[in-house]
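Analysis of the macromolecular model
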Amino acid sequence: MAKLDFLGDLKRTHKCGDLRASDANQNVVLMGWVNRRRDLGGLIFIDLRDRTGITQIVFDNSSADLQTKAGDLRSEYCIAVIGKVKQREPNTINKNLPTGEIEVVAQELRLFNDSKALPFSLSDTGSVNEEVRLKYRYLDLRRPEMQANVEMRHKVTLAIRNYLSSIGFMEIETPIMTRSTPEGARDYLVPSRVHPGEFYALPQSPQIFKQILMISNCERYFQIARCFRDEDLRADRQPEFTQIDLEMTFPRQEDVFAVVEGFLAAAWAAAGHKLQGPFPKMSYDQAIQQYGIDKPDLRLPAMTEVKEAFTPENLHTLAIDPELPVVCVRIPKIGELSRKERDDLKPLLNAKSGAKMFEDFKRLEKSFPEAVAKIREKVKPEDGDLLVGVAGLPRTEKPSESKARQQAYAIFGAAGQLRLAIAQKYADRHGCFKKDDFRFLWVTDFPFFEWDENEKRWNAAHHPFTSCHERDMDKLETDPAAVRALAYDVVLNGVELGSGSIRIHRQDVQSIIFKSLGMSPEEQQQRFGFFLEALQYGTPPHGGIALGLDRIVMILAGATSLREVIPFPKTAAATDMMMDAPTPVSDRQLKELNIATRKRE
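Presented here is an overview of the structure given in this document. (Residues numbered from 1 in each chain as written. Predicted model: local features only at pLDDT ≥ 70, side-chain atom pairs only at ≥ 80, totals over all residues. Heavy atoms only, no water.)

On inspection of all chains with the given rule, the structure shows 16 aromatic pairs. When the ring of Tyr409 is compared with that of Phe412, the centres are 6.4 Å apart and the planes differ by 80 degrees; the resulting orientation is edge-to-face. Here Tyr409 and its partner Phe412 are both found in helix α12 (residues 401-425), three residues apart, which amounts to about one turn of the helix. You can call Phe412 buried: its relative accessible area is 6%. Taken together through their ring pairs, the aromatic side chains of Phe465, Phe514, Phe528, Phe530 and Phe531 make up a single cluster. (Phe/Tyr/Trp six-rings, centres within 6.5 Å; stacked < 30°, edge-to-face > 60°. Helix = DSSP H or I, 4+ residues; strand = E, 2+ residues; numbered from the N terminus. Buried < 20%, exposed > 50% of the residue type's maximum accessible area, 1.4 Å probe, protein only.)

Right, here's the structure in full:
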């Protein structure tokens, strides 16, 4: 092991990405990690790296001791170099580096720490198992790509914080340990030592606290909030995550939209992009009927309902239910498909939807030329566009009005899934999915309730503190399926960035909503008594939203997983590979908490 040096009173004068030709002949002190070492006999070259970039260091043969010490350097050794900046000869300039016009001729070298052989190359992690990267996250984060992601996250967060502060929002922290409110995902529970048998819960969101802040006359609140949900993970989900949470008094929906569009414009500007506002708006019903999903990707053309192009005889011949939608999906510029490619489309349709797929309209045209002509006139495809039809299979019995609506929406949903599946399958042909093509959208007027088939009851589709449209109040108990929420989502390229709503500010209305969700007066008091009482003290109309910061940074970084933009994420199995968590705890700790564990059978 080489002799290691202390920092002492040595002070860094420049970062490794700072120096330029104008700094020639300056004496400098650089500190960082050995990125690469090249030994050319009489000369040793070191690429010294820190967060800002790379500077080439030259060790000549003017000092044998210095040359020997430099010869022992290896990748990821942490060092300091004292030397003089020298302008490179024109034929040796490295045009790929901002510092490529200079090099530093070393006069002194200090070795702060050496390094073991790395478990993977920092320059090529494409073939490295992700769990290995997460186990050695402190090394993975040294890579320039990860450094750039972390820096972007900082800049985006700072831009959002500065924007909201500039328009009168106060950043207020809300409790991390609170009470369990088991709606939606499962809570993470924290046992109380001083209250045996009782538990805190980590917040799934600061929802009630931010509404309390509005009752408290804080008027405009925001928080870069840490939230926790014990749910199954995917690439875009983590058990702990960060959201941009805000609430405001006396808002219309449009007021919330303007605030969000403002801070998103600031965030995108921090990442080098310019957003055009205002964002378009679309109701939930429109989104389902035109895109088959409540988070549409506007980079692809909308779907078109074309049932009127067919005669009743056509529909009968095609074995299509005449009461259900017939949807045309258009994917641009895919070109002619082979027979095998057409056959490969069929498994992409959701088989449980009760829908069937036409092969494609070019083949359908042979048997139904008039219908296809009408469809082409309505859809207006361009040369090379693929048209695919989706319709409902015949039903054996006439459904109720609400069931018929669900079945119609299932057809639109199946067509929407097929639309995305085909587009993703042939993304290299149509060129619609450009990463710098940002198509934002507000989706509004969501259903207030959703039916839980297992529990045989209605649940709040958003959360139980959401207001419904005033003119739908009389339907809360008589026709829950028709009630629309004053809820809204902001969507980008098929990704839901955030959800919000105008809240219930009246105690009588909140009690009615709780009752419609099956809560008895006793249960309301037990779970939300303090909140129902707070609503009786002059609570103002209020509303807000929460957006996922992790998702925003993921999109801006062009990443495919949240784990690429969260410094210390969990795996898909909710484990921390670096810290080796979760882990068992000692019997003494469990005894203090009055907890006993048992093995799963």
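And the narrative resumes.
Bringing unusual backbone geometry into the picture now. The amide bond that connects Gly277 to the next residue, Pro278, takes the cis arrangement and shows omega of -5 degrees. Phi at Asn25 takes a positive value of approximately 75 degrees, unusual for a residue other than glycine. Here Asn25 is to be found in the segment before β1 (27-39). Under the relative-accessibility criterion, Asn25 is labelled exposed at 59%. Look at Asp580: it is not a glycine, yet its phi comes out positive at around 55 degrees. Considering the arrangement of structural elements, one finds Asp580 in the loop between α16 (549-557) and α17 (587-592).

With that settled, consider the environment of Leu213. Its place among the elements puts Leu213 in helix α5 (residues 207-215). Relative accessible area serves as the criterion here: at 13%, Leu213 is assigned to the buried category. Separated by 34 residues in sequence, Leu213 and Glu247 place their C-alpha atoms 8.5 Å apart. In contact with Leu213, other than residues within four places in its own chain, are Ile172, Thr174, Cys218, Glu219 and Tyr221. (Contact = heavy atoms within 4.5 Å.)

On to the nonpolar core, then. If you look at the biggest cluster of nonpolar residues, it comprises 48 residues, and the most contacted ones within it are Leu345, Ile422 and Phe448. Sorting the residues of this core by element identifies α7 (284-291), β13 (326-331), β14 (355-357), β15 (386-392), α12, β16 (440-444), β19 (487-492) and α14 (507-516) as the ones contributing at least two each. Here the element with the most residues in this core is α12; it accounts for nine residues. Not counting chain neighbours up to four residues away, the residues in contact with Ile422 comprise Ile331, Ile334, Leu345, Leu348, Leu386 and Val388. (Core = buried A, V, L, I, M, F, W, Y, C linked by side-chain atoms within 4.5 Å.)

So, about the packing of α7 against α12. Interaxial distance between α7 and α12 falls to 7 Å at its minimum, and their mutual angle equals 55 degrees. It follows from the interaxial angle that α7 and α12 lie oblique. Judged by residue contacts, Tyr284, Asp285, Ile288, Gln289 and Tyr291 of α7 engage Arg405, Tyr409, Phe412, Gly416 and Arg419 from α12. Partitioned by chemical class, the residues of the contact of α7 with α12 number five nonpolar, two polar and three charged. (Axes fitted to C-alpha atoms, helices over the stretch in contact; angles between N-to-C directions. Parallel < 35°, antiparallel > 145°, perpendicular 65-115°, else oblique. Nonpolar A, V, L, I, M, F, W, Y, C, P; charged D, E, K, R; others polar.)

Before going further, it helps to spend a moment on helix α4 (residues 144-166). Taking 1.5 Å per residue, 23 residues should reach 33 Å; α4 reaches 32 Å between its end C-alpha atoms and fits that length. By the burial criterion, the buried members of α4 are Met146, Asn149, Met152, Arg153, Val156, Thr157, Ala159, Ile160 and Leu164. In this fold, the buried residues of α4 make contact with α2 (130-135), α3 (137-140), β9 (220-228), β10 (240-249), α6 (253-270) and α16. Of the residues one or two after α4, Gly168 is the one with positive phi, at around 95 degrees. (Expected span 1.5 Å × (residues − 1).)

So, on to the side chain of Arg143. Among the structural elements, Arg143 can be located in the loop between α3 and α4. Contact partners of Arg143, with chain neighbours within four places excluded, come to Leu122, Thr125, Arg133 and Glu564.

Strand order in this open sheet of four strands is β12-β13-β15-β14, and the pairing throughout is antiparallel. A strand with exactly one partner marks an edge of an open sheet, and here the two such strands are β12 (304-305) and β14. (Pairing = 2+ DSSP bridges.)

Spatial ordering of the open sheet is given by β6-β9-β10-β21-β20-β19-β16-β11, a layout of eight strands whose pairing is mixed. Each of the sheet's edge strands pairs with one partner strand only, and the pair in question is β6 (170-171) and β11 (281-283). As defined by bridge partners, β10 adjoins strand β21 (residues 542-548) across seven bridges and the pair is classed as antiparallel. Pairing of Ile244 across the sheet is with Leu547, part of β21. Of the strands in this sheet, β9, β10 and β21 touch α5, which is tilted by about 25 degrees from β10.

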